[in-house]
Amino acid sequence: GHVCCLLHRGSFKQMSAEQTKPEAAKPSEEKKHPSGMTLDERFKLVRSIGAECIQEAELRALLDKHPCPIAYDGFEPSGRMHIAQGILKAINVNKLTKSGVKFVFWVADWFAMLNNKMGGDLKKIRKVGEYMIEVWKAAGMDLTNVEFKWAAEEINKKPNEYWTLVMDISRRNSIGRIKRCATIMGRGEGDEMPAAQILYPAMQCADIFFLKANICQLGMDQRKVNMLAREYLDNKDVRKKYRFKPVILSHPMLMGLKQGQAKMSKSDPNSAIFMEDEPHAVKKKINGAYCPPGIAQNNPVLDYCKNIIFNRNGKMTIIRKEENGGDKEYKSYEDLEADFKSKALHPGDLKPAVIKAINEMLEPVRKHFASGAPKKLLKQIRSFKVTR
């Protein structure tokens, strides 16, 4: 049910708020979309990805009028891959391609170099990029409508187009505005910054237009630079060139497994599940995770249930002794959370179910890297020093 996409350059005109009202009967809605889904179904599926969407009316209009929108995410190859990058990204990409959206992965090799990942060694960065693509293949990402583009390669094909964009974005923004975007690199605004961190946000903003992206499907931590791209189009002369504003569809950030960790950290291996973690490592990390009885707020184990397990499987089974209430299958996260809050579901029964579900998802990835070229590649990646 996947749609073969063509890149339509600027073929989608921005709809006015009036035209995007769902209740207006649209002739295009009656025509069957190649995905076999109605506009409402496609909008609902795509919207379910985002913890935030700027703006919903624009997203709906885009799905209605554009024959094949392009969504993009950029990633820095920077060492091992955690479950949010691996499983959550695969879930999101599959939702988008199923809805008739083409997904472009921008393998940000030059950006990783600017951010001093892998000691700024481009050869190592490339290897890590190859590894990440292998992980996604093994994790069940449908690559039918997915394209991987390497930043260094693509920029060098059209340097004039790219650097003109970067310069124009830099020219129209103050240093203060660009510095506020420094957090996209995992650095604090007040950190001592190399000049590369002024260049980086202007380049990331340019990527969106360079790739003709209609949807920025990145994490909530990247929203500042995505907003910069929308603001860039507030310049009337620029607006004329692009005809549409990129829609921001930001996925939630998965919490770290320890108490008070708002997001996972590669530098603390116990704060996250990694895509090649062995079953015993998953068990140890989840068993050690912060999960106080009856408290749902800032609970990383429930966060995994909601954003990974229910998101992918649509259900979850708790296996427990009769005296503890017996086995129970949950069809929605809300039901599971309600039982947890009322203490009808105890962390001691929840954690084994989470361990089982996650290990089942990781098993195909472990098998993939157990032999041949993938095994060799993983060994190489593990020998690299992982940098922040």
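It should be emphasised that the depicted structure is a prediction, and the values quoted were computed from it without experimental measurement.

J.: Looking at this model, I keep getting lost on the overall build of the protein. Mind explaining?
T.: Along the backbone of the protein there are 17 helices and eight strands. Per-residue burial over the protein gives 54% buried out of 388 residues. If you sum the accessible surface of the protein, you get close to 17,800 Å²; carbon and sulfur atoms cover 53% of it.

J.: Help me out: how do you make sense of the side chain of D207 in this one?
T.: Inspection of the secondary structure assignment puts D207 in helix α10 (residues 196–210). Of the side chains with opposite charge, K149 lies nearest to the buried D207, which makes no salt bridge, at 11 Å. With near-sequence residues (within four places) excluded, D207 lies in contact with Y72, W106, F111 and Y162.

J.: What exactly am I supposed to notice about the nonpolar core here?
T.: With 80 residues, the main nonpolar core has I83, M316, L336 and L350 as its most contacted residues. Take this core: its biggest share by element is nine residues, from helix α16 (residues 347–368). Contact partners of L350, with chain neighbours within four places excluded, come to C291, V301, L302, C305, M316, I318, L336, F340 and L345. The next biggest cluster of nonpolar side chains, apart from the first, holds 33 residues, and it includes I155, M203, C205 and L233.

J.: What should I look at first to understand the packing of aromatic side chains in this one?
T.: Aromatic ring pairs are reported here in terms of the distance separating the ring centres and the angle at which the planes meet. Enumeration over the complete set of coordinates arrives at 13 aromatic pairs. Centroid distance F75 to F105: 5.9 Å. Interplanar angle 80°. Geometry classified as edge-to-face. One end of the pair, F75, is in strand β2 (residues 70–75); the other, F105, is in strand β3 (residues 102–107), with 30 residues separating them in the sequence. Like F75, the residue F105 is buried in the burial classification.

J.: Would you mind going over the pattern of salt bridges with me for this structure?
T.: When the charged atoms of two side chains lie near each other, side chains of opposite charge can form a pair. In the structure shown here, the tally under the stated rule is 27 salt bridges. In this structure, K102 engages E147 in a salt bridge whose closest nitrogen and oxygen atoms are separated by 2.9 Å. Taken together, the positions of K102 in strand β3 and E147 in strand β4 (residues 146–150) put the pair 45 residues apart, joining distant regions of the chain. On the basis of relative accessible area, K102 is assigned to the buried category, the value being 12%. Under the relative-accessibility criterion, E147 is labelled partly exposed at 29%. Measuring nitrogen to oxygen at the nearest pair gives 2.9 Å for the salt bridge that ties E329 to K331. Salt bridges sharing partners connect three or more residues here, namely D168, R171, R172 and D237.

J.: What is the right way to look at the sheet that holds strand β1 (residues 52–54) in this model?
T.: Strands in a sheet are paired, the pairing made by backbone hydrogen bonds, and the direction either parallel or antiparallel. Overall, mixed pairing links the six strands, which are arranged β1-β6-β5-β2-β3-β4 in an open sheet. Pairing within the sheet leaves two strands with one partner each, and these edge strands are β1 and β4. Note: β2 against β3, six bridges, orientation parallel. Bridge pairing links F75 to V107 in β3. Lying over the sheet, helix α6 (residues 122–138) contacts β2, β3 and β4, oriented at roughly 175° with respect to β4.

J.: Just checking my understanding: could you explain the packing of helix α13 (residues 279–287) against α16 for this structure?
T.: To describe two helices that pack against each other, one gives the angle between their axes and the distance between the axes. Put simply, α13 and α16 touch, their axes get as near as 9 Å, and they point 150° apart. Between α13 and α16 lies a crossing whose hand is right-handed. When α13 is examined against α16, the residues P279, V282, K283, I286 and N287 are found in contact with a partner set consisting of K351, V354, I355, I358, N359, L362 and R366. Each residue belonging to the contact of α13 with α16 can be placed in one class, and the counts come to seven nonpolar, two polar and three charged.

J.: Just checking my understanding: could you explain the side chain of R366 for this structure?
T.: Secondary-structure assignment places R366 in helix α16. Accessibility expressed as a relative area gives 11% for R366, which makes it buried. Of the polar contacts made by the side chain of R366, one reaches the backbone oxygen of D277; its length is 2.7 Å. A polar atom in the side chain of R366 sits 2.8 Å from the side chain of E363. Setting aside chain neighbours within four positions, we find R366 in contact with D277, E278, P279, V282 and N359.

J.: What should I look at first to understand the confidence of the model for the protein in this one?
T.: Regions with low pLDDT carry predicted coordinates that are not meant to be interpreted in detail. Within the protein, residue pLDDT values average 87, and 88% of them lie at 70 or more. For the protein, the element scoring lowest by mean pLDDT is helix α1 (residues 27–30), at 49; helix α15 (residues 333–341) scores highest, at 98. Low pLDDT (under 50) marks residues 1–29, which in the prediction has 57 contacts with non-local residues, meaning those over four places away or in another chain.

J.: In this structure, what is going on with the state of the cysteines? I would like to understand it.
T.: Simply put, disulfide is the name for a covalent bond between the sulfur atoms of two cysteines. Applying the stated criterion across every chain yields a total of zero disulfides. Among the cysteines around C216, which has no disulfide bond, C205 carries the closest sulfur, lying 8.8 Å off. Of all cysteine sulfurs, the one in C291 lies closest to C305, which takes part in no disulfide; the gap is 7.9 Å.

J.: Which parts of the structure should I look at to understand the pairing of β2?
T.: Successive side chains on a regular strand alternate, one facing one side of the sheet and the next facing the other. Counting buried residues along β2, five of its six residues qualify, which places the element largely inside the surrounding structure. Each parallel crossover has a hand, and for β2 linked through helix α4 (residues 83–98) to β3 it is right-handed. Examined bridge by bridge, β2 and strand β5 (residues 215–216) share two bridges and lie parallel to one another. Bridge pairing links Y72 to C216 in β5.

J.: What's the story with the environment of Y304 in this structure? I'm lost.
T.: Along the chain, Y304 turns up in helix α14 (residues 300–313). Relative accessible area serves as the criterion here: at 0%, Y304 is assigned to the buried category. Sequence spacing of Y304 and L88 is 216 residues, and the spatial spacing of their C-alpha atoms is 9.9 Å.

How each quantity is defined
Residues numbered from 1 in each chain as written. Predicted model: local features only at pLDDT ≥ 70, side-chain atom pairs only at ≥ 80, totals over all residues. Heavy atoms only, no water. Helix = DSSP H or I, 4+ residues; strand = E, 2+ residues; numbered from the N terminus. Buried < 20%, exposed > 50% of the residue type's maximum accessible area, 1.4 Å probe, protein only. Areas by Shrake-Rupley, 256 points an atom, 1.4 Å probe, with all protein chains shown as cover. Lys, Arg positive; Asp, Glu negative; His and termini not counted. Salt bridge = Lys/Arg side-chain N within 4 Å of Asp/Glu carboxyl O. Contact = heavy atoms within 4.5 Å. Core = buried A, V, L, I, M, F, W, Y, C linked by side-chain atoms within 4.5 Å. Phe/Tyr/Trp six-rings, centres within 6.5 Å; stacked < 30°, edge-to-face > 60°. Pairing = 2+ DSSP bridges. Axes fitted to C-alpha atoms, helices over the stretch in contact; angles between N-to-C directions. Left-handed = near helix turned anticlockwise from the far one by under 90°. Nonpolar A, V, L, I, M, F, W, Y, C, P; charged D, E, K, R; others polar. Polar contact = N/O pair within 3.5 Å; in protein donor to acceptor, adjacent residues only side chain to side chain. pLDDT = per-residue confidence, 0-100. Disulfide = S-S within 2.5 Å. Right-handed = clockwise from strand over helix to strand, strands pointing away.

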